[in-house]
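Report on the structure
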Amino acid sequence: MRISEADVEYVAKLANLEVPDNDKKELAEQLSRIVEHVEQLNTLDVSSVPPTNQVVTNSKHALREDLALPRVGSSEAGKTVKLFKVPKVITER
Amino acid sequence: MNLKNITAEKLVALYTRRDLSVTEVITSVFDEIDRSDKSIHAFITLCRDRALEDARRADSRIAAGEALEPLTGVPVAIKDNMAVRDVPTTCGSKILEGYTSPYTATAVERLRGAGAVIVGKTNLDEFAMGSSTENSGFFVTRNPHNLERVPGGSSGGSAASVAAGMSLIALGSDTGGSIRQPASFCGVVGMKPTYGRVSRYGLVAYASSLDQIGPFAKSVRECAQVLEAISGFDQYDSTSADVAVEPYVKGLDQPVNAIRIGIPREYFDTATGGMDSEVKAAVEEAIRRYESMGCKIEEIRLPHTEHAVATYYLIATAEASANLARYDGVRYGRREAGSGGLGEMYRKTRMAGFGKEVKRRILLGTYALSAGYYDAYYLKALKVRTLILQDFQKAFEKVDLILTPTTPTVAFRIGEKTSDPLSMYLSDIFTITCNLAGLPGISLPCGTNSEKLPIGMQLLGNHFQEGLLLRAAHQFEKAGGFGDISA
């Protein structure tokens, strides 16, 4: 399947990316080559094969008691800087 | 003090006997970095003051006669996609400019707990996307063996830092070979543990079902020491495995003569791999050495190998496109002002902040997940992933370990593959199957080519067989004498 410059523009919009006009042609060509390569998977019949999302490895997180545990991360950062300054994210339509 | 000729164990012994102080060693490490890193460019951030403070603290503990941890005063470098509290984490990306981590990654915390001293954070392909460290948003890292060659990637800075004696050990992350391939190119040992073996808390996510943290070192023994320190369950990582950690170092000298080693025919088939003849010869020599050590060598089949690159680049990019959606100018680092409201701010920030390869992968992943293509690309790749996993499950019924080259060629020239992303992706053929199947793998030096560039071989094991992998690698190293290929 060939990826056109219009496809690049459309997918870029979905991904919240802006692609400069003079990069579109090159990107369309590179992505086309990659997509043509991955289409070799079509030679395999996988209709009865289940998908593997993740190789599960003895995780014990399925269920745990609903207890608040100490954590580090944003709450820790909050102690240091008190407030985070963010841009206005709610706009009128 | 030259780090090239010393191991972590010897260093700690010198400290214990008070023949050397940690402060002296850490000071000389920074002298070496000041000298060598002008041409190699392995480090993005140096932690000089902190490291010297840690060194002084260790020295006063030694003076007080306290028992030392196994890595006390050992200088380590950390790939700059792992969080270290109060230190910038850039991921080699301009989009994280100005971002400082508010906490420390579990693996780094554990390494510090074992006494290690962090000297700095190393360069990488932006968000770990690449095989050469040429995709860094800041600068290109050079291979210490030959400055015109790439160090490999994406953990190129970590590999180069160990190879050049700017740190004794380093941490990297491996999503499709990003520890093993640069280890091979730089002539050091690099290990990717089983998925879930090492906590990924504090590792910036690229492809969450594939990412894993692991060590670089000059010897297998040091790799085992680091892995022992960083492995184990972590309540902060929901994919962390609740499996006991073996005493890897203790197990290194147990016999290997009953081990069955599988050689996958597909990896040696030039049509699939495009393997260089000198690489092939070195790996075949390694196979003969294992045979002479009493191991049983068997040919095995991994028939879906030829589909691994396609499968990997669909799954990894799909996961990346979701993971990197968080870099929107609101929560981290860089923010570009726009006049057209929130959407424009997102797009302008992401356009200015991300480099070409990252954008390419986000676009590919978004395409593979988009309406109308999800089943044809992403779901299909997840199904082929099952076939690749089944190939390995069948193989491990017959053999204990699998031996392959780490890469089809030695380190390539800087700029050689940058204009052709697909050819760069195809060079990952031998390393990516391991991530898709969640297996542990190790790369270790097995020779040099006619230009004195290192050649690496790879051993793969079944899930949680790190002990066996390390043991087989250690005894190869002991029998070999590839000790003299440091840069």
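Residues numbered from 1 in each chain as written. Chains lettered and ligands numbered in written order. Predicted model: local features only at pLDDT ≥ 70, side-chain atom pairs only at ≥ 80, totals over all residues. Heavy atoms only, no water.

It is worth spelling out the overall build of chain A at this point. A tally of regular secondary structure across chain A gives three helices and zero strands. Each helix and strand of chain A, ordered N terminal to C terminal, gives the series α-α-α. Within the span of chain A, comprising 93 residues, buried residues form 31% of the whole. As presented, chain A carries roughly 7,000 Å² of accessible surface, and 54% of it is formed by carbon and sulfur atoms. (Helix = DSSP H or I, 4+ residues; strand = E, 2+ residues; numbered from the N terminus. Buried < 20%, exposed > 50% of the residue type's maximum accessible area, 1.4 Å probe, protein only. Areas by Shrake-Rupley, 256 points an atom, 1.4 Å probe, with all protein chains shown as cover.)

This part is about the overall build of chain B. Tallying secondary structure elements over chain B gives 17 helices and eleven strands in all. On C-alpha atoms alone, chain B measures out to a radius of gyration of 21 Å, which is about the 23 Å that the 2.2 N^0.38 rule sets for 487 residues. Taking the principal axes of its C-alpha atoms as reference, chain B extends roughly 65 × 55 × 45 Å. Per-residue burial over chain B gives 66% buried out of 487 residues. Within chain B, contacts between residues separated by at least 24 positions form 77% of all contacts whose residues are at least 6 apart in sequence. One finds the centroid of the 54 positive side-chain charges in chain B at a distance of 2 Å from the centroid of its 56 negative side-chain charges. (Rg over C-alpha atoms; globule rule 2.2 N^0.38 Å. Contact = heavy atoms within 4.5 Å. Lys, Arg positive; Asp, Glu negative; His and termini not counted. Charge placed at Lys NZ, Arg CZ, Asp CG, Glu CD.)

Here we take up the pattern of salt bridges. Pairing is possible between side chains that carry opposite charge, provided their charged atoms lie close to one another. For the structure shown, the criterion picks out 35 salt bridges over all chains. Glu-285 of chain B is the partner of Arg-288 of chain B in a salt bridge, and the nearest nitrogen-oxygen pair spans 3.2 Å. Taken together, the positions of Arg-288 of chain B and Glu-285 of chain B, both in helix α10 (residues 277–292) and three residues apart, correspond to about one turn of that helix. In this structure Arg-288 of chain B comes out as partly exposed when scored by relative accessible area, which is 48%. A single network of salt bridges, built from pairs that share partners, joins Glu-18 of chain A together with Glu-344, Arg-347 and Lys-348 of chain B. (Salt bridge = Lys/Arg side-chain N within 4 Å of Asp/Glu carboxyl O.)

So, on to the side chain of Asn-81 of chain B. Looking at the element boundaries, Asn-81 of chain B is found in the loop between β2 (75–79) and α4 (106–113). Dropping the residues within four chain positions of it, Asn-81 of chain B is found in contact with Thr-89, Cys-91, Leu-124, Ala-128, Ser-173, Gly-202, Leu-203 and Val-204 of chain B.

Further remarks concern helix α3 (residues 48–63) of chain B. Since there are 3.6 residues in each turn of an α-helix, residues three or four apart along the chain are aligned in direction. Residue and element names in this part refer to chain B. Relative to the 22 Å expected for 16 residues at 1.5 Å per residue, α3 spans 22 Å between its end C-alpha atoms, a close match to the ideal helical length. By the burial criterion, the buried members of α3 are Ala-51, Asp-54, Ala-55, Ala-58, Asp-59 and Ile-62. Down the axis of α3, the buried side of the element spans an arc of 140°, and every buried residue falls inside it. Seen from the buried face of α3, the exposed residues on the opposite side, beyond 90 degrees, are Asp-49, Arg-56 and Ala-63. In this structure, the buried residues of α3 make contact with α1 (8–16), α2 (22–40), α4 and β3 (117–122). (Expected span 1.5 Å × (residues − 1). Arc of directions from axis to C-beta.)

This next bit is on the confidence of the model for chain B. Regions with low pLDDT carry predicted coordinates that are not meant to be interpreted in detail. Taken over all residues, the pLDDT of chain B has a mean of 94, while the share at 70 or more is 98%. Here the prediction assigns the complex a pTM of 0.95, and the interface score ipTM is 0.88. (pLDDT = per-residue confidence, 0-100.)

Residue and element names in this part refer to chain B. Taking 1.5 Å of rise per residue, the 15 residues of helix α17 (residues 466–480) would be expected to cover 21 Å, and the 21 Å separating its terminal C-alpha atoms lies within 8% of that figure. Most of α17 is tucked away, with eleven of its 15 residues classed as buried. For α17, the complete set of buried residues consists of Glu-466, Gly-467, Leu-468, Leu-469, Leu-470, Arg-471, Ala-472, Ala-473, His-474, Gln-475 and Phe-476. Its buried side turned inward, α17 meets β5 (189–192), α7 (220–230), α10, β9 (401–405), β10 (441–448) and β11 (454–461).

All names here are of chain B. The peptide bond linking Gly-153 to Ser-154 adopts the cis configuration, its omega dihedral lying at 10°. Inspection of the secondary structure assignment puts Ser-154 in the loop between β3 and α5 (156–163). The phi angle at Asp-86 is positive, at roughly 65°, despite the residue not being glycine. Turning to its location among the elements, Asp-86 is positioned in the loop between β2 and α4. Located in the positive-phi region is Phe-127, a residue other than glycine, with phi close to 50°. Residue Phe-127 is classed as buried on the basis of its relative accessible area, which comes to 3%.

Residues and elements named next belong to chain B. Burial of β3 is extensive: six of the six residues sit out of reach of the surface. Direction of pairing for β2 relative to β3: parallel, over a ladder of five bridges. When the bridges of β3 are listed, Ala-77 appears paired with Gly-120. As for the winding sense of the linkage, the β-α-β connection from β2 through α4 to β3 is right-handed. (Pairing = 2+ DSSP bridges. Right-handed = clockwise from strand over helix to strand, strands pointing away.)

All names here are of chain B. Turning to its location among the elements, Cys-223 is positioned in helix α7. Residue class for Cys-223 comes out buried when judged on its relative accessible area of 0%. Measuring from C-alpha to C-alpha, the distance between Cys-223 and Ile-300 comes to 28 Å, with 77 residues separating the pair along the chain. Excluding residues within four positions of it along the chain, Cys-223 makes contact with Val-189, Pro-215, Phe-216, Ala-217 and Leu-470.

Further remarks concern the nonpolar core. Residues and elements named next belong to chain B. With 174 residues, the main nonpolar core has Leu-71, Phe-127, Leu-171, Tyr-290, Phe-392 and Leu-470 as its most contacted residues. With eleven residues, helix α14 (residues 374–398) is the single largest residue contributor to this core. Judged by nonpolar contacts, the second largest core, of five residues, contains Val-150, Ala-411, Phe-412 and Met-424. (Core = buried A, V, L, I, M, F, W, Y, C linked by side-chain atoms within 4.5 Å.)

Counting residues at the interface gives 72 residues for chain B, matched by 54 residues for chain A. Around 5,400 Å² of area is buried between chain B and chain A when both sides are counted, 66% of it from carbon and sulfur atoms. There are four salt bridges connecting chain B and chain A. Glu-18 of chain A serves as the salt-bridge partner of Lys-348 of chain B, at 3.8 Å between the closest nitrogen and oxygen. (Buried area = accessible area lost by both parts, 1.4 Å probe.)

Residue and element names in this part refer to chain B. Taken as a whole and assessed by the stated rule, the structure comprises 17 aromatic pairs over all chains. Centre to centre, the rings of Phe-185 and Phe-412 are 5.7 Å apart; their planes meet at 90°, and the pair counts as edge-to-face. Residue Phe-185 is located in helix α6 (residues 180–186), and its partner Phe-412 is located in the loop between β9 and α15 (421–426); the two are separated by 227 residues in the primary sequence. Like Phe-185, the residue Phe-412 is buried in the burial classification. Both rings, one in Tyr-267 and one in Phe-430, keep their centres 5.3 Å apart while their planes meet at 20°; by these two values the pair is stacked. Residue Tyr-267 is located in helix α8 (residues 265–268), and its partner Phe-430 is located in helix α16 (residues 429–436); the two are separated by 163 residues in the primary sequence. (Phe/Tyr/Trp six-rings, centres within 6.5 Å; stacked < 30°, edge-to-face > 60°.)

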